[in-house]
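Geometric and topological summary
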Amino acid sequence: MTTVARFEIKYLQFMDEKGTFISNDVPPAFARDIDTLKQLYRDMNLIRTLDQKAYALQRTGKMGTYPAATGQEAIGVGFGSAMTEDDVLVPYYRGQASMVQHGVKMEEVLLYWGGYEAGCDYQVAKQDFPIAVPIATQSLHATGVAKAMQMRGEKRCVFTEIGEGGTSQGDFYEALNVAGIWNLGVVFIINNNQWAISVPSKLQTNCETYAQKAIAAGVDCIQVDGNDIVAVKAASETAADKARNGGGPTVIECISLRLCDHTTADDATRYRPEGELDDGWKKEPIIRLQKYLKSKKAWSAEDENQMQKELAAEVQQAVDNYLNTPIDPPEAMFDYLYEELPERTLAQRELAIARGAK
Amino acid sequence: MAAITLIEAVNMAIAHEMGVDKEVVVFGEDVGINGGVFRATDGLQEKFGEERVIDTPLAEAMIAGIAIGMAAQGMKPIAEIQFMGFIFPAADHIISHCARMRNRTRGRLTLPMVIRAPFGGGIHAPENHSESTEAIFAHIPGLKVVIPSNPSRAYGLMLAAIRDPDPVIFLEPKRVYRIEKHEIEDNGEDYPLGMCFVDREGSDITLVSWGAMLHETKQAAEKLAAEGISAEVIDVATVSPLDIDTILESVAKTGRVCIVQEAPKAGALGSEIAAEIAEKQIMSLLAPIGRVSGYDTVIPYYRLEKQFMPKVQHIIDEAKRLVEYR
Amino acid sequence: MNTESKKIFNLPDLGEGLPDAEIVRWLVKEGEVVALDQPMVEMETAKAVVEVPSPYKGTITKLCGKAGDVIEVGAILVEFDGEGENQEAATATPASEVTEAVQQTAATESPASETSQVSDVFNLPDLGEGLPDAEIVRWLVAEGDVLALDQPMVEMETAKAVVEVPSPFAAKVAKLHGQAGDVIEVGAALVSFGESGPGSVAAASAVDKDSEAVTESAAKPADAATVVGAVQVGHQVVVESASAVIKALAKKLKVDLSQVSGSGVEGKITQADVKQAKKDGKLIGTKTETIVAKSARDVSSAPIASQSLANENPLDFKASPAVRAHALRLGVALSQCQQSGKKGSITKADVDLAVGSTTSVAVKSPVVASSAGLPTVQVSVEPQTVRGVRRAMAMGMAKAHATVVPTTLVEDADITNWPKQDSLARYVRALVFASKIEPALNCWFDGEKFERLIHPNVHVGIAIDSPDGLYVPVVHDADKKDAGQIRARVQELRHKIENKGLKQDDQQGATVTLSNFGSIAGRYGSPVVSPPQVAILGTGRFRSELKLTSKGIENRKMLPLSLTFDHRACTGGEAARFLAAIIEDLQKAV
């Protein structure tokens, strides 16, 4: 017998949990720019603040179910920062880090989870998709967007994110397959936070890595330390550049850990092993980058304090905007169904208005 | 005897049957160690082990497909789809295979399986978690679709579903999962599938409903009684195959009927019931057949959900309109 | 006054578990200084208008809504400027201890410090799931601690999950209203805040370190969770009636429940009883074809015709909705209609025929709690519109008059030798006999097409008088019936007329007609031929007559006969021969 194919999976990490650059690889240019790193640090903290505020809102009855991205901020901020305005984001339901990076407003995130369809009517990120609740469906949508870009010869790419659990879905494999054969400019980000609600990663697949699912589709892939924002951003920039220039798709598996419950309505203490959280907090992305910045004498307690104040104000502003948004009138249920509402349904619209007025 | 909620009744029925029949197996996402996101399978993995209560990877088509394979081998799988909104990847298997296997093999291969899913709105959930699309499966010959409205029925009908030799889609109205408790003895007694239950006898109008809307319907019946209107309340329970005779008998008695459903109006189960009544019992009708339903719109995000869901007052208004119809 | 000191007061659950309330009117103004408990605003919930008192002594800086606005429980209602010590948010958190920062980001973030007065009370909010109360699992703070905004204070266990409740203020904890294990109702006091002090954050952070350990070793909550949304939890135990299930099971197994004795508690029928009954063959009798309409209320058992119209139950009659509506419009009671439709239903024609026979309307309506008065009696001397059978007669006769050319022959038949017998049956037989001899009178004539159809069979129409008017039902195939059968058929027709059961079929197809006016009065007449028929025989009253015979003067019983025929279709000779044949047959004894 002869061997007709082999594969290997590379792992990329620049910065370890102590905030030290350990890699033999040359860090990308942005990693040597303190201002860029500070901005990334700030952006991750913004998401953390947003998530915590959202939880507080939910606990005080002002927000519906909300899925935080605690501990995974480096992934969304990292790959989101590699995107340009022209690129399109097709997020998954835990995607607020990348969404906010790419121009979705925080209040739009809050509005969505707060039960307002207005939350999907992005004012800035006009071509981005709203989150997909049916798992992995977004992967296929991303390939469609990329196909349009390809057909028009545009120098743009698509980023789409999925949890490691979502990669079990048929839609994910189908998306990889078509991206591979059609050479589509899609960057598939796998957020491997190790948990799919209560199902741990080891029960999800027999693959040693999630990245290698790309191999089955003939697609390039890489695994990165998802808590190392430098690695995430570096890999994303490379993949984005490739995708924009006709180089085809990439799968980037970012390994992290979900440091929060699946959503505000979940209780992870039921299934999470003891000690995992403690351990996880030591490796999380924000503290890691902070350690690095401090090691470069680029970050002080005052800086932290000031930043937290500013972020709180920003988040509060978004919260205020969200809380002040009026509920749609009942006719809104009808007015966006079709370009023109069928006659048969007009009577129902009137009825809804009449009932709503009572 | 324990006083338990609907979701606990589902749990009790599954546990009972797993205890007496080794072929019964439970699987789905988060059903094992977590006991299911609504706790439908709480405690089952502890009791019956990981081999019989299995946490699957995140893939609904796979869940349905595996159930088919196991059932064809004579096992009795109870597969959970976490929310009805996510049943659609599995719909191909359900419609193209579950519904047809007995027919196309002329009875050689049969599928004694249950696919259960929470369905319906009213819990302030994110989108895709509130759908009432039972009509899609009720339309498919070869499937049975069962919807319990209270804990006792959840227990009895679930046992019946597990014991049924054909595929049953068991849809649980999540809005009423915990709304009340019934005293239920874990005696393994199943309820008949394919039958309506007459929950309240009356003479002036028949109110037909299923699932969570039965609660609003019963409330409406109480209020109507206070105004001198005697309403008969029927719980359809088995949405397919439909026991239309019980409904027709009731219409013969009252002459008026109103169907109450959470689902959007067009092409729903209420449409089928109305057509059957018009076809078979038209000589008894003193008024048009009424329907109280959701609108023919996408069910809105939860801020507007209240506007979408039919209310007790709507049922009362429609009942009165029919009773006063000339 | 430190403009940065600010307290917010959120709309609490007004004690009814309702999610929001509408501002009716403000009782205070912005800038006004209010005392503790002074009424600030009237809020209207779905149930009542309630006054909401001020939780603080201080100056109102902002009223967060105007009259008519709907405020959600937990949303900001009023902003105050407090009196007393004001504190900048202490920001001494060591930046390296980010793990604490996670738990208390608010400690370093507050844009404005928030102070509190003595007796600022924070009530347990609705934890977002519409639950009425929650149990304190453990406190994460202690009395005397100074907290930061959003700092987790306590773990509360709802029916579903253990949740952390964050602090609404950056302030010092004055009092914790309960210990671990206590159940606090939504809206009840949970924490009272006092003045803030320096070193607050350090103290808070120390506490927070401990709180991390909390989640690990928290008691396993008995939850009833979900992963999205909020499922309403009720504790009411409802008694489930088993009878609905027993009836359904019996129906499915086709068991006759009246034959089943219950082996359950207090003689209740159990499922096992039903299943046993099936084995024992206690099954429902032959299935009725149609689902019989039964009235659920008492209906008088008198015959329908005499039933009081006020009690008439429309469901006792089969009629389509269109027919019912038609009857309603015309003011016709269903009980007065014949049932000539399929399976005994009332047709539109039946309603039309019945018009004029009653002026009341029967409607099945529920007994509404109001007194029933006496029916009004209508006294009218106005002209009556002629409807139904009478109208049909008027139209039919007019048409006959316009087309038929009538000629009448009269003669008597000597029926002295008749034993007692049904005369009507004899008349029919005579017509049959005559039709065989002179078929020209047993035919249909079309005066426009100039066609005639000589019938091989004899279908005798028989004029029958009834309270409603003139009916002419038909004895079909009289030529194939013997006297007994003819008699039976006539009886049947009479019965049907009486019971309004006469069908269309019963009234169609006559080839020749008999009018037995003699049963009432009259010797000879010129009865009207009903086109397309060409003949009608009128039979008059029997009389005794002295006759001169070859044997001398005898008392004979005579039956007068009048035969009117349509002279367009028949000749005089044909008619005379027909009449002669009738007489011949009638004069036979039997």
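These remarks concern the structure in this document. Since this is a predicted model, take the numbers as computed values, not measurements. (Residues numbered from 1 in each chain as written. Chains lettered and ligands numbered in written order. Predicted model: local features only at pLDDT ≥ 70, side-chain atom pairs only at ≥ 80, totals over all residues. Heavy atoms only, no water.)

What to know about the overall build of chain C
When helices and strands are tallied, chain C shows 11 helices and 27 strands. Each of the 590 residues in chain C was classed as buried or not, and the buried ones make up 44%. At a minimum sequence separation of 6, the contacts of chain C that also span at least 24 residues come to 63%. For chain C, the accessible surface area stands at approximately 29,000 Å², while carbon and sulfur atoms represent 54% of it. (Helix = DSSP H or I, 4+ residues; strand = E, 2+ residues; numbered from the N terminus. Buried < 20%, exposed > 50% of the residue type's maximum accessible area, 1.4 Å probe, protein only. Contact = heavy atoms within 4.5 Å. Areas by Shrake-Rupley, 256 points an atom, 1.4 Å probe, with all protein chains shown as cover.)

Things to note about the environment of Ala211 of chain A
Residues and elements named next belong to chain A. Relative to the helices and strands, Ala211 is located in the loop between strand S6 (199-200) and helix H7 (213-216). Judged by relative accessible area, Ala211 falls into the buried class, the value being 0%. C-alpha separation for the pair Ala211 and Tyr11, spaced 200 residues apart in sequence, amounts to 9.9 Å.

A look at empty space enclosed by the protein
Residue and element names in this part refer to chain A. Counting across every chain of the model gives 13 cavities of 30 Å³ or more. Each pocket or cavity is described by its volume, and for the largest cavity that value is around 450 Å³. Among the elements of the structure, strand S3 (158-163) and strand S5 (195-196) are those that each provide at least two residues to the lining of the largest cavity. Residue composition of the lining of the largest cavity, grouped by class: 21 nonpolar, 13 polar and 5 charged. (1 Å grid on protein atoms, 1.4 Å probe; cavity = no way out; pocket = protein on both sides within 12 Å on 5 of 7 lines; lining within 4 Å. Points joined across faces, edges and corners; volume = space filled by probe spheres on them. Nonpolar A, V, L, I, M, F, W, Y, C, P; charged D, E, K, R; others polar.)

A short note on the interface of chain C and chain B
Taken residue by residue, the interface counts 49 residues in chain C and 54 residues in chain B. In total, about 4,100 Å² of surface goes out of reach between chain C and chain B, with carbon and sulfur atoms giving 57% of it. Summed over the shared surface of chain C and chain B, the result is 2 salt bridges. A salt bridge links Lys247 of chain C to Glu201 of chain B; its shortest N-O distance comes to 3.0 Å. Along the contact surface separating chain C from chain B lie 9 residue pairs in polar contact (both at pLDDT 80 or more). If you list the elements that add at least two residues to the side of chain C that touches chain B, you get strand S16 (237-238), helix H4 (243-253), helix H5 (271-279) and helix H6 (321-330) of chain C. Sort the elements by how many residues they give to the side of chain C that touches chain B and H4 of chain C lands first, with 7 residues. (Buried area = accessible area lost by both parts, 1.4 Å probe. Salt bridge = Lys/Arg side-chain N within 4 Å of Asp/Glu carboxyl O. Polar contact = N/O pair within 3.5 Å; in protein donor to acceptor, adjacent residues only side chain to side chain.)

What to know about the packing of aromatic side chains
For the coordinates displayed, the defined rule picks out 18 aromatic pairs over all chains. The interplanar angle of 85° and the centroid separation of 4.9 Å between the aromatic rings of Tyr112 of chain A and Trp113 of chain A together place this pair among those described as edge-to-face. Trp113 of chain A shares its class with Tyr112 of chain A; the two are buried. Ring centres of Tyr295 of chain B and Phe308 of chain B lie 6.4 Å apart, and the angle between their planes is 75°; on these two criteria the pair is classed as edge-to-face. With Tyr295 of chain B in the loop between strand S14 (290-294) and helix H11 (302-308) and Phe308 of chain B in helix H11, the pair connects residues that are 13 residues apart, well separated along the chain. This pair shows no difference in class: Tyr295 of chain B is buried, exactly as Phe308 of chain B is. Linked through ring pairs, Tyr66, Tyr112 and Trp113 of chain A together with Tyr301 of chain B together constitute an aromatic cluster. One cation-aromatic arrangement involves Lys147 of chain A over Trp182 of chain A; the distance from NZ or CZ to the ring centre is 4.8 Å. Of note, Lys233 of chain A hangs over the ring of Phe30 of chain A, and the distance from its end group to the ring centre comes to 5.1 Å. (Phe/Tyr/Trp six-rings, centres within 6.5 Å; stacked < 30°, edge-to-face > 60°. Lys NZ or Arg CZ within 6 Å of the ring centre and 35° of its normal.)

Describing the side chain of Asp266 of chain A
The topology assignment puts Asp266 of chain A in the loop between strand S8 (250-255) and helix H9 (276-282). In contact with Asp266 of chain A, other than residues within four places in its own chain, are Ile197, Arg258, Asp261 and Tyr271 of chain A, Asn34 of chain B together with Thr226 and Val227 of chain C.

Quick word on the nonpolar core
Counting 179 residues, the largest nonpolar core has Tyr66, Leu110, Phe159 and Leu289 of chain A together with Ile115, Ile247 and Ile273 of chain B as its most contacted members. With 10 residues, helix H1 (residues 34-59) of chain A is the single largest residue contributor to this core. Counting 46 residues, the second-largest nonpolar core is a separate cluster that includes Ala413, Leu502, Phe565 and Ala569 of chain C. (Core = buried A, V, L, I, M, F, W, Y, C linked by side-chain atoms within 4.5 Å.)

Comments concerning the environment of Val323 of chain B
Positionally, Val323 of chain B belongs in helix H12 (residues 312-323). For the pair formed by Val323 of chain B and Pro288 of chain B, sequence separation is 35 residues and the distance between their alpha carbons is 10.0 Å.

Considering the pattern of salt bridges
On inspection of all chains with the given rule, the structure shows 50 salt bridges over all chains. Residue Arg270 of chain A pairs with Asp42 of chain B through a salt bridge whose shortest N-O separation is 3.1 Å. Residue Arg270 of chain A is found in the loop between S8 and H9, and its partner Asp42 of chain B is found in the loop between strand S2 (24-28) and helix H2 (44-48); the two belong to separate chains. Classification of Arg270 of chain A by relative accessible area gives buried; the value is 15%.

With respect to the sheet that holds strand S5 (residues 114-119) of chain B
All names here are of chain B. Ordered by their spatial adjacency, 7 strands build an open sheet running S3-S2-S4-S5-S7-S6-S12, and the pairing between neighbours is mixed. Edge strands, defined here as strands with exactly one partner in the open sheet, are strand S3 (53-55) and strand S12 (238-240). Direction aside, neighbouring strands of the sheet carry axes that sit 20° apart on average. Inspection of the sheet shows strand S6 (residues 144-146) paired to S12 by 2 bridges, in the antiparallel sense. By the bridge assignment for S12, Val145 is matched with Ser240. Each of S2, S3, strand S4 (76-80), S5 and strand S7 (168-173) is contacted by helix H1 (residues 6-20), which is oriented at about 135° to S2, the strand it contacts most. (Pairing = 2+ DSSP bridges. Axes fitted to C-alpha atoms, helices over the stretch in contact; angles between N-to-C directions.)

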